[in-house]
Structure formats: structure tokens, C-alpha cells
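Below are the chains, spelled out letter by letter.
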Number of protein chains: 2
Amino acid sequence: MPKSLLVVGSIALDTLRTPYGEAKDELGGSATFFSAVASFFVPVRLVGVVGEDFPNQFRRVFDSRRIDTAGLVVVPGGKTFRWHGSYQGAMNEAKTEHVALNVLGDFRPVIPTGFRDTRLLFLANGSPVTQASVLDQVEKPDLVVADTMNLWIETQREALLALIARVDGIVLNEGEARMLTDEYNLILAGHKVLALGPKFVVIKKGEHGSLLVIRPADPAGAPLTRNVCALPAYPSTEVRDPTGAGDSFAGGMMGYLASTGEYDFQHLVRAMAYGTVTASFAIEDFGLRRFERLSIDEIDARLREYHDVVTF
Amino acid sequence: MPKSLLVVGSIALDTLRTPYGEAKDELGGSATFFSAVASFFVPVRLVGVVGEDFPNQFRRVFDSRRIDTAGLVVVPGGKTFRWHGSYQGAMNEAKTEHVALNVLGDFRPVIPTGFRDTRLLFLANGSPVTQASVLDQVEKPDLVVADTMNLWIETQREALLALIARVDGIVLNEGEARMLTDEYNLILAGHKVLALGPKFVVIKKGEHGSLLVIRPADPAGAPLTRNVCALPAYPSTEVRDPTGAGDSFAGGMMGYLASTGEYDFQHLVRAMAYGTVTASFAIEDFGLRRFERLSIDEIDARLREYHDVVTF
């Protein structure tokens, strides 16, 4: 049975440069990518902040989807969060050219009363203190998943560890997993993350796919296959802008989980496959443009194709 | 129906240093790993060279398996090829500390008369001129697959391109594929390799798995899934020495293909899965030690487990 899904994260105007072109003040941000993707699966509740300069055309991106913007704060006279990034070569890593936090810098998310009964909560990348304050405001969620970044691992490690102990799942990229655990082998890094409290960890490896490591019900006897899933990326040949791939992955994953209301290993694995596929659409064009012309049928068709690609 | 399989490549004494220990004068070399692994699937014909110093105990590694050493040359008074390598951190890349080609430097492989009717030929890494001379000596093979390395891409590009035009398949690692084609996207790099002549290319990505790209029967209409397979690595937690992983992959792949005598896309995909699994055993211990205590049943059991790991 479908369950309610809430995301708290950033809404941004991105200026991007990749080997395939440039874009200025493109719609971006973690909560934006997440909610646009997840809304293909279920209605999504959004909490975020923008400035008065936030363009109406982008506001329509939310309003034209199943995205409830009751938690979207517009700060009078404020400026929207801006990020300038560039990519080179294989585009595996974004180079931050410039950041202006603007209204995001002072944002203390308030969860609207109508959102407090949310069952699935995604804490997009943000300060672990802010993430914890959001968690405090949601009454009794079924499933809480958090993202983070190297900045918080380095500068707010204690607060981050306290947050990780409170969530069901955490999403990290390869470098963050190694940084957090001081362990090169990603399966062992996953085990170390699980020792911090969560039930599962998803390690994203960009063009190399993703890993799911879950806490076995019976640590002594559980075979490998019940605890680990490894998936390659969808073999994309059209990669124009990787921005938002990680949040699109999370949006597909959480959107699918919310649509089923089931969180066991098999559902988590299928959710990862959906995340892989939704991320593969995100990178085909700048910003959220590819999602403008996407349907759940096309997502499902690519999932079937992806299934064939990894089947032996 | 099983078919005959021949490998021509190096036999080495390796001195290794990894975060998990050290080993001196350990049995190694491309033809050694390849033939040890492939012999789990079919009898293997070996062509290679060693010096008079090659230890009897290592000779028994060949003699105790289904490896025909009629093509193994022992150079009187000569010294065996030696390689000193080290690995750090995630052990993704070997650092060559020292190389002594010794008898390998002057080796001009002669294929014994009884080997010239071989149906499957694996040209392990070596000078493309030497690889071509081997190909000239095999009468009418069904399937020829070659490996190479960055050195030949840089220093013998023309000879390498001439060789690639004559083979059915080529095995490259990620960096080599990019260097050969000047293309970052690995699927597109695969397409560029296919334009050089082969029917398929396997791109190995170490801990990130492998890609198979084949020439579609109908380039215009063939869907993606018929042309590409992406497999993650087996999620190993015991990685002691990555030396020989690539040749163990090739040995599992070619050994399986030789055991079936079929080379269509589905068999190539399954061969990649076998290669993934045999490589995962290679890296669990130094040199060939893990293969001393391995059986085809254990390989098949891990293949089933691996299948579950990638199924969604």
C-alpha cells in the first residue's frame, strides 16, 4: 500500500559547464531532483526554501507534478541558493566553482503540521544538526533515509554519527563511504556503517553502479547474497550533465519504496534498480530537462531493458 | 561440444607487496593464471618460456592439471621472467617496482605441430608483433581473443591496430580502452574498438566489474540489451593480492566458452560471469595459491551466489 513521502533539502539555481555545453540558472538542488523523480511513483511532500528571485517557470515544475509545496518557504527579498559547477573528462566528479548559500544559509526547516504524519522521510544532504531537527519534527516515520557529504564528515563528524544512529538507511558515495569508515573495501566499509546503527547503506559509485549492504537478521549464519546487492550503472551513452544523479537515484529508490510500502531486502534491491534507471535519465540533459519529457511507462521500459543488461 | 583452447603468454616469478603481506618469487604470469583457471573447464594447451631456474614445485602446478606443456620452452642457463610489484590502498593499480624480462625478452613463440589445430586461442598480453606471429601459426581458429596493455598502445600502436583487426574479441581494462580510443564513455569506447574490427570487446574495471560490448547483427535496429552487458564485480571482502585477476577473468571466460563451443551473445555474457567469479578467487590469496584449493563445484556455487547478488 502506498505511503506518504517527505523530502527536506535544497532548491537551487545551478550554473553548469560540462564538455557538452553550459547552462545558467538552471533549476537544481537535492530536494528538487528528489521530488521531481519520486513524484513519478507517489505524491511527494516538499520542504525547502527559495528567494523572491525564484522564477515562476520553475515553480510550475513543482506545481505541475504531484508535489505538495506546503513546506516551500519563499523568503521576501531573499536570494535563492546558487551553485556553479563544472565537469571534465569522464565527468565523475563535480568541481565547485562558486557557492552562494543565500537563503539556504539561515534555513531552519519547519515541517508543516499536515506533513508530520509522514511515513517515509528522506533527509537530503544538509548539516546533520538540521537533519536531526527535521527528524525530531516527524512523529513516527516507518523509514528514514539520509544523505550526507564529505564536508559534514570532516567538520561535523560527531553530529553526523549521532544522526546516522537514528536513521534506517544512509546513502553515501564511494569516497564518502571510505572517508567515513577509513576502509577501502566498500563491502567492509558498508559493514562499518551498519555498526553505527542503520539497517542498510547504499553506496553510489556513479558510472560504476551501486552497492546495497544490509544488516543480516542473523549475522552468524546469513549467506552473502542476503546481505549484499551489487548493481552496475545503466550503460548510458548520452551523458550531458551528471548534476542531480545522486538525488535522482534516491528519488527513484524512495519513490518506489513509498509506492509499495514494503522495505525488505527484495524491495530495497528493486528500489536500487529503479534508482539506477531514474539517475540514468537525469544525466541525459541539463538540470531537470529530461524529466520534462519523461513518463513512468518510459521508466518501467528502461527498467526492463536494464534488467536484460545485467542478466546472465 | 568442448573445443581445444590454447594460451600464449608469460610465465613469471613475482615478488609482491600488498597491504596484506609480501611474497617472493611467487608463481605468476599471464599464461599461468589463464591456464590454471581455464583448466577447471577444459584441457588447456600452453605456450610459454621459463629459465632453468624455474622451480620444480611450480612445474607441478601445470603437471597436476589438465595443462599440456608441450609448448613450454625451458631455456638452458636462462633466467625466468621476474616482476616486482606493489599495491596500496584500494589496490586498484599495480605499481611496477622492477622488471627483468630475462628469457621472455628473446622469446619467439613456436606453436607445436600438435597445437596448430586449436579452435580457441587466447593471446595474453605481449607485443602485438609476437601476438600476430602466433596467430599466423594457428591454422583456422574459431575464436581468437587478445589482451594488451598501455605500453603497446603507446609504443606499437600501428602493429596493435593491425592485430586487433584480425581478432574476434579483445580484452582491455578501463584505462586502456580510454587510451586506445580517446573516448571517456566506456560504451562509446567499446563502439570505437568494434570499428577497428573485432566482434566483441570486454572492458574490465577491477572492483567495479566489467562491460561487454558486441557488434550488433543489425546496427540500425538492434536494441541496447542485445549489444551490451554490464556486470558488477563479485562483492569480495577478502582481497589479499590482485595480481592475475585480469588473466584469471580471461581464463574463466575462455575456459567456459571452450567448454560449450558456443560464442553467441548469451554465451559471452555467461562467460563474463564465470570470468568475474574466477577472478574473485584469484585475489583472495597471493599468486595462484587460492586455486590450489579450488574446485569447479566451488566455482559453480559462487556463480549461483553471484547471480543472486545481481538479481533484482
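Residues numbered from 1 in each chain as written. Chains lettered and ligands numbered in written order. Predicted model: local features only at pLDDT ≥ 70, side-chain atom pairs only at ≥ 80, totals over all residues. Heavy atoms only, no water.

Chemist: Help me understand the overall build of chain A, please; the structure alone is not making it clear to me.
Modeler: Each helix and strand counted, chain A has 11 helices and 13 strands in total. Seen through its principal axes, chain A has C-alpha atoms that stretch 60 × 45 × 40 Å. Across the 312 residues in chain A, those meeting the buried criterion constitute 60%. Of the contacts made within chain A by residues no fewer than 6 positions apart, 65% connect residues no fewer than 24 positions apart. Here chain A has roughly 12300 Å² of accessible surface; of this, 50% comes from carbon and sulfur atoms. Distance from the positive charge centre (31 side chains) to the negative charge centre (38 side chains) of chain A: 2 Å. (Helix = DSSP H or I, 4+ residues; strand = E, 2+ residues; numbered from the N terminus. Buried < 20%, exposed > 50% of the residue type's maximum accessible area, 1.4 Å probe, protein only. Contact = heavy atoms within 4.5 Å. Areas by Shrake-Rupley, 256 points an atom, 1.4 Å probe, with all protein chains shown as cover. Lys, Arg positive; Asp, Glu negative; His and termini not counted. Charge placed at Lys NZ, Arg CZ, Asp CG, Glu CD.)

Chemist: Is there a simple way to explain the sheet that holds strand 6 (residues 81-86) of chain B in this structure?
Modeler: Residue and element names in this part refer to chain B. Strand order in the open sheet formed by 4 strands is 3-2-6-7, with mixed pairing between adjacent strands. Of all strands in the sheet, those bounded by a partner on one side alone are strand 3 (21-28) and strand 7 (95-100). Ignoring which end each strand starts from, the neighbouring axes of this sheet average 15 degrees apart. Judged from the 6 bridges that link them, strand 2 (residues 12-18) and strand 6 form a sheet pairing that is parallel. The residue bridging A12 from the neighbouring strand is F81, located in strand 6. (Pairing = 2+ DSSP bridges. Axes fitted to C-alpha atoms, helices over the stretch in contact; angles between N-to-C directions.)

Chemist: How should I be thinking about the pattern of salt bridges in this particular structure?
Modeler: Working definition: two side chains of opposite charge can pair if their charged atoms are close together. Applying the stated criterion across every chain yields a total of 38 salt bridges over all chains. Between D25 of chain B and K24 of chain B there is a salt bridge, and its shortest N-O distance comes to 3.7 Å. By relative accessible area, D25 of chain B is classed as partly exposed at 26%. Residue R178 of chain B is joined to E174 of chain B by a salt bridge in which the shortest nitrogen-to-oxygen separation is 3.2 Å. Residue R178 of chain B and its partner E174 of chain B are located together in helix 6 (residues 174-181), separated by 4 residues, close to a single helical turn. By the burial criterion, R178 of chain B is buried, and E174 of chain B matches it. Through salt bridges with shared partners, a single ionic network connects K24, D25, D53 and R82 of chain A. (Salt bridge = Lys/Arg side-chain N within 4 Å of Asp/Glu carboxyl O.)

Chemist: For this particular structure, what's the right way to read the sheet that holds strand 8 (residues 120-123) of chain B?
Modeler: Residues and elements named next belong to chain B. A sheet is described by the order of its strands in space; here 9 strands give the open sequence 5-4-1-8-9-10-11-12-13, paired in mixed fashion. Bordering the open sheet on either side are strand 5 (67-75) and strand 13 (228-231), each of which pairs with just one other strand. Within the sheet, the average angular offset between the axes of one strand and its neighbour, ignoring direction, is 15 degrees. Strand direction decides the pairing type here: strand 10 (residues 169-173) and strand 11 (residues 200-204), joined by 5 bridges, are parallel. By the bridge assignment, L172 is partnered in strand 11 with I203. Contacts from helix 1 (residues 30-38) reach strand 1 (5-8), strand 4 (44-51), strand 5 and strand 8, with the element oriented near 160 degrees to strand 1.

Chemist: Teacher, can you tell me more about the relation of the copies chain A and chain B here?
Modeler: Copy one and copy two of the chain differ by a rotation about a common axis and a shift along it. Rotating chain A by 180 degrees about the axis while translating it 0.0 Å along that axis superimposes it on chain B, leaving an RMSD of 0.0 Å. Read as a symmetry element, the transformation amounts to a two-fold axis. A symmetric contact is evident, with 100% of the interface residues of chain A recurring at the interface of chain B. (Least-squares fit on C-alpha atoms with pLDDT ≥ 70 in both.)

Chemist: Explain the environment of A70 of chain A here, please?
Modeler: By the secondary structure assignment, A70 of chain A is in strand 5 (residues 67-75). Discounting chain neighbours no more than four positions away, the residues touching A70 of chain A are P112 and F115 of chain A.

Chemist: What should I look at first to understand the interface of chain A and chain B in this one?
Modeler: Counting residues at the interface gives 37 residues for chain A and 37 residues for chain B. Taking both sides of the interface into account, the surface hidden between chain A and chain B amounts to around 3200 Å²; carbon and sulfur atoms contribute 66%. For the pair chain A and chain B, the interface holds 2 salt bridges. A salt bridge links R178 of chain B to E207 of chain A; the nearest nitrogen and oxygen atoms lie 3.2 Å apart. Looking at the side of chain A that touches chain B, the elements with two or more residues in it are helix 6 (174-181), helix 7 (186-194), strand 13 (228-231), helix 9 (265-282) and helix 11 (296-309) of chain A. For the side of chain A that touches chain B, a count of residues per class yields 22 nonpolar, 8 polar and 7 charged. (Buried area = accessible area lost by both parts, 1.4 Å probe. Nonpolar A, V, L, I, M, F, W, Y, C, P; charged D, E, K, R; others polar.)

Chemist: Whenever I open this one, helix 11 of chain A confuses me. Can you help?
Modeler: Since the α-helix advances by 3.6 residues per turn, residues separated by three or four positions end up pointing in the same direction. Here helix 11 of chain A is 14 residues long and its end C-alpha atoms lie 20 Å apart, about the 20 Å a rise of 1.5 Å per residue gives. All of the buried residues in helix 11 of chain A are I299, R302, L303, Y306 and V309 of chain A. Looking down the long axis of helix 11 of chain A, one finds its buried residues gathered within 115 degrees of arc, a one-sided arrangement. Among the exposed residues of helix 11 of chain A, those oriented more than 90 degrees off its buried face are D297 and R304 of chain A. Of the surrounding elements, those touching the buried residues of helix 11 of chain A are strand 13 and helix 9 of chain A together with strand 13 of chain B. (Expected span 1.5 Å × (residues − 1). Arc of directions from axis to C-beta.)

Chemist: I would appreciate a short explanation of unusual backbone geometry in the present structure.
Modeler: Residue and element names in this part refer to chain B. The backbone phi angle of D25 is positive, close to 50 degrees, even though this residue is not glycine. Relative to the assigned elements, D25 resides in strand 3. For D182, which is not glycine, the phi torsion reads 60 degrees and is therefore positive. Tracing the sequence through the fold places D182 in the loop between helix 6 and helix 7 (186-194). Taking relative accessible area as the criterion, D182 reaches 71% and is therefore assigned exposed.

Chemist: Would you mind showing me how to read helix 2 (residues 56-63) of chain A here?
Modeler: Residue and element names in this part refer to chain A. Among the residues making up helix 2, those that are buried are F58, V61 and F62. For helix 2, the angular spread of the buried residues around the axis is 95 degrees, confining them to a single face. Within helix 2, the exposed residues directed more than 90 degrees away from the buried face are N56 and R60. Those residues of helix 2 that are buried lie in contact with strand 2 (12-18), strand 3 (21-28), helix 1 (30-38), strand 4 (44-51), strand 5 and helix 10 (289-292).

Chemist: So what exactly am I meant to see when it comes to the pairing of strand 3 of chain A here?
Modeler: Working note: regular strand, side chains alternate between the two faces of the sheet. Residues and elements named next belong to chain A. Alignment of strand 2 against strand 3, held across 6 bridges, turns out to be antiparallel. Within strand 3, the position partnered with L13 by the bridge is L27. Where strand 2 folds back on strand 3, the antiparallel hairpin that results is connected by 2 residues.

Chemist: How should the pairing of strand 4 of chain A be read in this particular structure?
Modeler: All names here are of chain A. With 8 of 8 residues buried, strand 4 is to be regarded as a mostly interior element. Residues V44, L46, G48 and V50 of strand 4 are buried on one face, and the alternating residues R45, V47, V49 and G51, pointing to the opposite face, are buried as well. Across 4 bridges, the pairing between strand 1 (residues 5-8) and strand 4 is parallel. If you follow V8 over to strand 4, its bridge partner there is V47. Note that strand 4 and strand 5 share 7 bridges and pair parallel. What sits directly across from G51, in strand 5, is V75. After leaving strand 4, the chain enters helix 2 and then returns to the sheet as strand 5, a path that is right-handed. (Right-handed = clockwise from strand over helix to strand, strands pointing away.)

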